[in-house]
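Listed below are the residues making up each chain.
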Amino acid sequence: MRNLPSINASYWLTLVAASIFGTNTGDFVASYLHIGHLAGLPYMALIFGAILLVARWARHSHALYFWAAIITMRTAATNVGDAFHDFHVPYGVCIPIVLVLFATSVLLYRRVTGSSGSNDATVRVNSAYWIAMMLAGVLGTIGGDFASFRLGLTPLGAACVFGGLIAASLWWFRKTAALLDPVPYWATVALIRTGGTAAGDALAEALRLAPSTALTGFIFVGLVLYFCAFQSTGKAQPRAAPT
């Protein structure tokens, strides 16, 4: 993608909204549309690929393409995470497996892109980025469900706990000027994905799934439009992979 959002407070707020909305859209696709958790993945992959192609070929680059890809991937990640329940895979098995895969993807991203550096306005988005983002979503789905239901925090309680962890992570990594380095960045993204799962489930319990999806979608789209209309965007600068 040629035009990417600057990594600032608006970016993180929109990413939180995308995580919550994506939790609801994943459940909506699987339950309300009766597609199931895995049957809809090829269609989401086609949509995701189409977004990337349009973003590549469009005459005018825009951060809207980035956010459209993010929400498509988050929807798919929610269903992949929930599919573990369909196959009765225990948390003690699926969490370590996905955690190892996610950590490996972060190391791959760091190897490909190097350290972002505290003075950069954005992060590099490439195939390694999307692999890590997908696995962060899967891990967040499983982790959010584990905290909500297995640890007994309830979705609302888990959302509050991870909300605090997200705030602490953003504050600390910004203070140490490390937020855009690969490991701090992806650790924060994983926390956001986990908290977003719990928050989406909490809203679905309180409002029911369809109204919750409509509400979180309205908030997400509103933030994206505000972000794109009134906030600056940064163009990704290619960096040579370390030798």
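Values in this document were obtained by computation on a predicted structure and should not be read as measured data.

**What to know about the overall build of the protein**
Now for step 1: Within the protein, the regular secondary structure consists of eight helices and two strands.
Now for step 2: Taken from N to C terminus, the helices and strands of the protein fall in the order β-α-α-α-α-α-α-α-α-β.
Now for step 3: Relative to a compact globule of 243 residues, whose C-alpha radius of gyration would be 18 Å, the protein shows 17 Å and is just as compact.
Now for step 4: Counting over 243 residues, the protein shows a buried share of 49%.
Now for step 5: Looking at the protein alone, contacts between residues at least 24 apart form 84% of all its contacts between residues at least 6 apart.

**Some thoughts on unusual backbone geometry**
Now for step 1: In this structure, Thr154 is a non-glycine residue whose phi angle is positive, near 70°.
Now for step 2: If you trace the backbone, Thr154 turns up in helix H6 (residues 154-175).
Now for step 3: Even without being glycine, Arg208 reaches a positive phi, approximately 80°.
Now for step 4: Here Arg208 is to be found in the loop between helix H7 (182-207) and helix H8 (209-230).

**Brief notes about the nonpolar core**
Now for step 1: Judged by nonpolar contacts, the single largest core of 50 residues is most densely connected at Tyr11, Trp12, Tyr129, Trp130 and Trp186.
Now for step 2: Going through the elements one at a time, helix H1 (9-32), helix H2 (41-57), helix H3 (63-86), helix H4 (91-113), helix H5 (127-150), H6, H7 and H8 are the ones with two or more residues in this core.
Now for step 3: With 10 residues, H5 is the largest single contributor of residues to this core.
Now for step 4: For Tyr11, the contacting residues outside a window of four places in its chain are Pro5, Ser6, Phe66, Trp67, Tyr129, Tyr185 and Phe227.
Now for step 5: Within the second largest apolar cluster, seven residues are counted, among which are Ile20, Ala159, Ala198 and Ala199.

**A word on the environment of Ile97**
Now for step 1: Within the secondary structure, Ile97 is located in helix H4.
Now for step 2: Taking the C-alpha atoms as reference, Ile97 lies 26 Å from Gly164; in sequence the two are 67 residues apart.

**Focus: the side chain of Asp27**
Now for step 1: Relative to the assigned elements, Asp27 resides in helix H1.
Now for step 2: Residues contacting Asp27, with those up to four places away along its chain left out, are Tyr32, Thr78, Asn79, Asp82, Asp201 and Leu209.

**What about the packing of aromatic side chains?**
Now for step 1: Applying the stated criterion to the full structure yields 19 aromatic pairs.
Now for step 2: Ring centres of Phe66 and Trp67 lie 5.1 Å apart, and the angle between their planes is 75°; on these two criteria the pair is classed as edge-to-face.
Now for step 3: An angle of 80° between the planes, with centres 5.7 Å apart, marks the rings of Tyr109 and Trp186 as edge-to-face. Here Tyr109, found in helix H4, pairs with Trp186, found in helix H7; they are 77 residues apart in sequence, far enough to count as distant.
Now for step 4: The class of Tyr109 is buried, set by a relative accessible area of 1%.
Now for step 5: In this structure Trp186 comes out as buried when scored by relative accessible area, which is 0%.
Now for step 6: Taken together, Tyr11, Trp12, Phe21, Phe48, Phe66, Trp67, Tyr109, Tyr129, Trp130, Tyr185, Trp186 and Phe220 form an aromatic cluster joined through their ring pairs.

**Considerations on the confidence of the model for the protein**
Now for step 1: Residues of the protein with pLDDT of at least 70 account for 91%, and the chain-wide mean is 90.
Now for step 2: Confidence drops under a pLDDT of 50 for residues 232-243, and excluding neighbours within four residues, the segment shows 23 contacts in the predicted structure.

**What to know about H5**
Now for step 1: Taking 1.5 Å per residue, 24 residues should reach 34 Å; H5 reaches 34 Å between its end C-alpha atoms and fits that length.
Now for step 2: Summarising burial for H5: 18 of the 24 residues are buried, a large majority.
Now for step 3: One side-chain oxygen of the residue at the start of H5 lies 3.2 Å from the amide nitrogen of Ala128, identifying that residue as Asn126.

**Thoughts on the packing of H3 against H5**
Now for step 1: Remark: H3 packs on H5, axes separated minimally by 8 Å, with the N-to-C direction vectors making an angle of 45°. With respect to their mutual orientation, H3 and H5 come out oblique. Two packed elements cross with a definite hand, and for H3 against H5 that hand is right-handed.
Now for step 2: Its residues assigned to classes, the contact of H3 with H5 shows 14 nonpolar, five polar and three charged.

**A closer look at a nonpolar patch on the surface**
Now for step 1: A grouping of Leu151, Leu153, Val161 and Leu165 is seen on the molecular surface, where their side chains present a nonpolar patch of about 320 Å² in accessible area.
Now for step 2: Looking at where Leu151 falls in the secondary structure, it is placed in the loop between H5 and H6.
Now for step 3: Judged by relative accessible area, Leu151 falls into the exposed class, the value being 52%.

Cut-off values and rules
Residues numbered from 1 in each chain as written. Predicted model: local features only at pLDDT ≥ 70, side-chain atom pairs only at ≥ 80, totals over all residues. Heavy atoms only, no water. Helix = DSSP H or I, 4+ residues; strand = E, 2+ residues; numbered from the N terminus. Rg over C-alpha atoms; globule rule 2.2 N^0.38 Å. Buried < 20%, exposed > 50% of the residue type's maximum accessible area, 1.4 Å probe, protein only. Contact = heavy atoms within 4.5 Å. Core = buried A, V, L, I, M, F, W, Y, C linked by side-chain atoms within 4.5 Å. Phe/Tyr/Trp six-rings, centres within 6.5 Å; stacked < 30°, edge-to-face > 60°. pLDDT = per-residue confidence, 0-100. Expected span 1.5 Å × (residues − 1). Polar contact = N/O pair within 3.5 Å; in protein donor to acceptor, adjacent residues only side chain to side chain. Axes fitted to C-alpha atoms, helices over the stretch in contact; angles between N-to-C directions. Parallel < 35°, antiparallel > 145°, perpendicular 65-115°, else oblique. Left-handed = near helix turned anticlockwise from the far one by under 90°. Nonpolar A, V, L, I, M, F, W, Y, C, P; charged D, E, K, R; others polar. Patch = residues over 30% accessible without salt bridge, like charges linked within 9 Å, V, L, I, M, F, W, Y side chains within 5 Å. Areas by Shrake-Rupley, 256 points an atom, 1.4 Å probe, with all protein chains shown as cover. Salt bridge = Lys/Arg side-chain N within 4 Å of Asp/Glu carboxyl O.

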